[in-house]
Structures are given as structure tokens and as C-alpha cells.
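Each chain, written out:
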Amino acid sequence: MNNRRKLLIALGTSALAVPLRSSAQPRIPTIGYLSVDSAKPSPLLRTLLGALNKKGYVVDRDLRIDDRTVADYRGLAENAASLVQAKVEIIVAFGSTATLAASKVTKEIPIVMIAGIDPVATRLAVSLSHPGGNVTGVLLFGAELQQKRTQFLKELVPNMKRMGVISNPASGDNAVRLAEAEAAARLLKLETRVVEVRTLAELEDAFATLAKAKVEGVVVLPSLIFNSNIASVAEIAARRRLPVVYTISEIVEAGGLMSYGVDFHDAVVKAAMHVDRILRGAKPGNLPIEQPTKFELIINGKTAKTLGLKFPQSLLVSADKVIE
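Residues numbered from 1 in each chain as written. Predicted model: local features only at pLDDT ≥ 70, side-chain atom pairs only at ≥ 80, totals over all residues. Heavy atoms only, no water.

1. Some remarks on helix α4 (residues 96-105)
Put simply, the rule is: For the exposure calls, accessible area comes from a 1.4 Å probe over protein chains only, and a residue counts as buried if that area is under 20% of its type's maximum, exposed if over 50%, partly exposed in between. Only DSSP runs of H or I reaching four residues or more are called helices, and only runs of E reaching two or more are called strands; each is numbered from the N terminus. Contact definition: two residues touch when any of their heavy atoms are within 4.5 Å.
Taken across its 10 residues, α4 has seven buried, putting it largely inside the fold. Buried within α4 are the following residues: S96, T97, A98, T99, A101, A102 and S103. Of the surrounding elements, those touching the buried residues of α4 are β1 (30-36), α3 (76-85), β3 (90-94) and β4 (111-115).

Structural data, given as C-alpha cells:
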């Protein structure tokens, strides 16, 4: 091969190489979403995407979503591992169990949690102000919230002596939430009857057990199994004619009696801000874990009437919303 031909071949190769390099597209970051919910996509995932959209992110242009919403807690571990294998840039974990599942399979991928778990006690973070690891996000619960729920229930049912507690031991923060409920009951000198519910199918028997035990009021501890089946939970409670206080307002909107807790949608919007900061280069360990600041007391006057109850003026004045 003469020198002229060699030169032409080299020039041709170089000419081809330039367009190939210039046409290479940067990787679009993928956000993994891990949660338990009966609906897919979850309403909270839609809230997350809406908040990110307001920050300028468009799905499939600026980021992709790997939605690992599962119907049962047992699917969380497998799906958390799958997100790590898929090499997502960030995992948004809604719920304590989802957060723990994600934290067990990666110490490198940033995890933005929206959960009630104590991140310091569980060693997910060094402190709330400076987490130090790969987990940051927004907290949902606190001992004072359960004290308030119990107090509100006692105001509505002043003669209450026995309080039922429905808990899901499969939930990652259940032990803490249960201890808070029992402590709140002791402050008001109430006996407690605890019934465990792991699936929605067990909820009917749980309310039957509490009715038989003659409790005068019930606290339903936070669990995504209950929160994602709001209509069923409200209907079962109404059938047993038991006054119940919940952690989320959606159950009250569906016919439940009363709720007091964090505004979940507000928490998800705050989590979206963390996602934005991480996508822009921030380290999760440097982003403070936010504590809840917006709480809502929602009461359903119509449901109270069907139960033969009347909300006292103290609750009506304190309520953020009264459903008639």
C-alpha cells in the first residue's frame, strides 16, 4: 500500500470519528421510586414528578423514572436490589420499610427518604443536620403527633377508658410508633388493646376483635398498607361503629372520622427539592434531613353524626378542615 493511499484511509477514519463523537448523547439520569401502594403510579409519585417539573425537569428529556411501587412489603427488598443493579442515580424511598430496604443494598447511591423512621437511631445518618452518608430526605412522624391524636380522640370520646391500637409489625417504624401510642395512652390513663394487622384482609377481624374487647376509640398506626387502601379502611371502621383517628387525611376524605398528621404532599415536594439538589451535584450527606413543619387536623362531621358523636368546639376550632 503506497503512502498516498495510507494517508487517504487515515483521513477517512478521522473524518468518520468526529461525527460519532459529536453525536454521542449524555446519559439521562434515572430516579428510582420505591414504595408500597395499591395504585400505580402512586399519587405521591405524581406529586414528586409535578414538583420536579416545576424545577424544570421533563420526564424522558431530563430524567427517567424507574417506578418500583409494589403492592406488598415483601416485594421491597427485591426491587431495591433491582434499582441498584439498574444503576439509578437516586432512589426516592417512600415509607420506613422502603428506606430500610434501600439502605441495606447500597451505601453509594443517594437515597432520598420520605419516612417516619429515626435515621440517627437506625444509623442511617450521623445527625439530622449533617447526615454524613448516602441518606437524606424528609421525616413524617414524631412522638408529639401520636400524643395529639390520642388527646383529640379523648376530647371526642371523653368517657373513653380503653383504646384500641391497630399496628402493622411489617412496617419499618412500627415498634417506635407503637411505643409512642402506648406512652400517649398512659399519659391519659387509658388501657390499650393492640391488634396486629399485616394485610388488608386481616383488618376486618382486627376491628371485630377491638369491638368485642369493648374499646371506646381506636388509633390506626401509620402503614402504607392502610394508607393505600383508604376506602376499604374507612368502610370497615364505619361498619364496626368505632371512633377512629388516622395519620392521613385521605382516609377521612373517604369517610373516616378524624386524622392528624403531616401533609404528605408537602413532604414529597420537599423531597423533590433534595432530588434537584443532588442532580445538580450536592452530596446527600451534606443535605439536612428535614423535620415536618405542616400538620393538619381533618374531621368528618357527617361520619361523627352516623356514630352518634358530636365534635366539641375545641376540635372544631382547631381543625384545618371540617367535612360536612
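Back to the text.
2. A closer look at the nonpolar core
Formally: Grouping buried Ala, Val, Leu, Ile, Met, Phe, Trp, Tyr and Cys residues that are joined through side-chain atoms within 4.5 Å yields what is termed a nonpolar core.
In this structure, V92, F94, I166, F207, V218 and M258 are the most contacted members of the largest nonpolar core, which totals 99 residues. The element that contributes the greatest number of residues to this core is helix α11 (residues 264-279), accounting for seven residues. Setting aside residues up to four positions removed in sequence, F94 forms contacts with Y33, L34, S35, L44, I114, L140, L224, F264 and V268.

3. Here's the deal with empty space enclosed by the protein
Basically, it comes down to this: Only protein atoms enter the 1 Å grid used here, on which a cavity is any set of points holding a 1.4 Å probe that cannot leave and a pocket is any open set flanked by protein within 12 Å on both sides along at least five of seven lines; residues with an atom within 4 Å of a point are listed as lining. Grid points are joined across faces, edges and corners, and a volume is the space filled by probe spheres set on the points. Under this grouping Gly is polar, as are all residues other than the nonpolar Ala, Val, Leu, Ile, Met, Phe, Trp, Tyr, Cys and Pro and the charged Asp, Glu, Lys and Arg.
Counting across every chain of the model gives two cavities of 30 Å³ or more. Quantified by volume, the largest cavity comes out at close to 120 Å³. If you go around the largest cavity, you meet 16 residues; those closest to its centre are G95, S96, F141, S223 and L224. Listing elements by their share of the lining of the largest cavity, those giving two or more residues are α4 and α8 (224-227). The class makeup of the residues in the lining of the largest cavity is eight nonpolar, seven polar and one charged.

4. A look at the sheet that holds strand β8 (residues 217-220)
Quick note on the threshold: Two strands form a pair only when DSSP identifies at least two bridges running between them. Lines fitted to C-alpha atoms define the axes, with helix axes restricted to the stretch in contact, and inter-axis angles between N-to-C directions lie between 0 and 180 degrees.
In spatial order, the strands read β7-β6-β8-β9-β10-β11-β12; together these seven strands make up an open sheet with mixed pairing. Two strands close off the open sheet at either side, each with one partner strand: β7 (191-196) and β12 (321-323). Each strand of the sheet is rotated relative to its neighbour by a mean of 20 degrees, with strand direction disregarded.

5. Some remarks on the layout of surface pockets
Here the largest pocket defines a volume of roughly 260 Å³. Among the secondary structure elements, those contributing two or more residues to the lining of the largest pocket are β1, α2 (43-54), α8 and α11. For the lining of the largest pocket, the element with the highest residue contribution is β1, accounting for three residues. Classifying every residue of the lining of the largest pocket gives 10 nonpolar, five polar and two charged.

6. Quick look at the sheet that holds β1
The parallel open sheet is built from five strands, whose spatial order is β2-β1-β3-β4-β5. Unpaired on one side and paired on the other, β2 (64-70) and β5 (135-139) mark the two borders of the sheet. The sheet shows a mean angle of 15 degrees between the axes of neighbouring strands, direction not considered. The pairing of β4 with β5 spans five bridges and is parallel. If you follow I114 over to β5, its bridge partner there is V138. Here α3 sits on the sheet in contact with β1, β2 and β3, set at roughly 175 degrees to β1. On top of the sheet, α4 reaches β1, β3 and β4; it is set at about 155 degrees to β4, its chief contact.

By themselves these figures say nothing about function.
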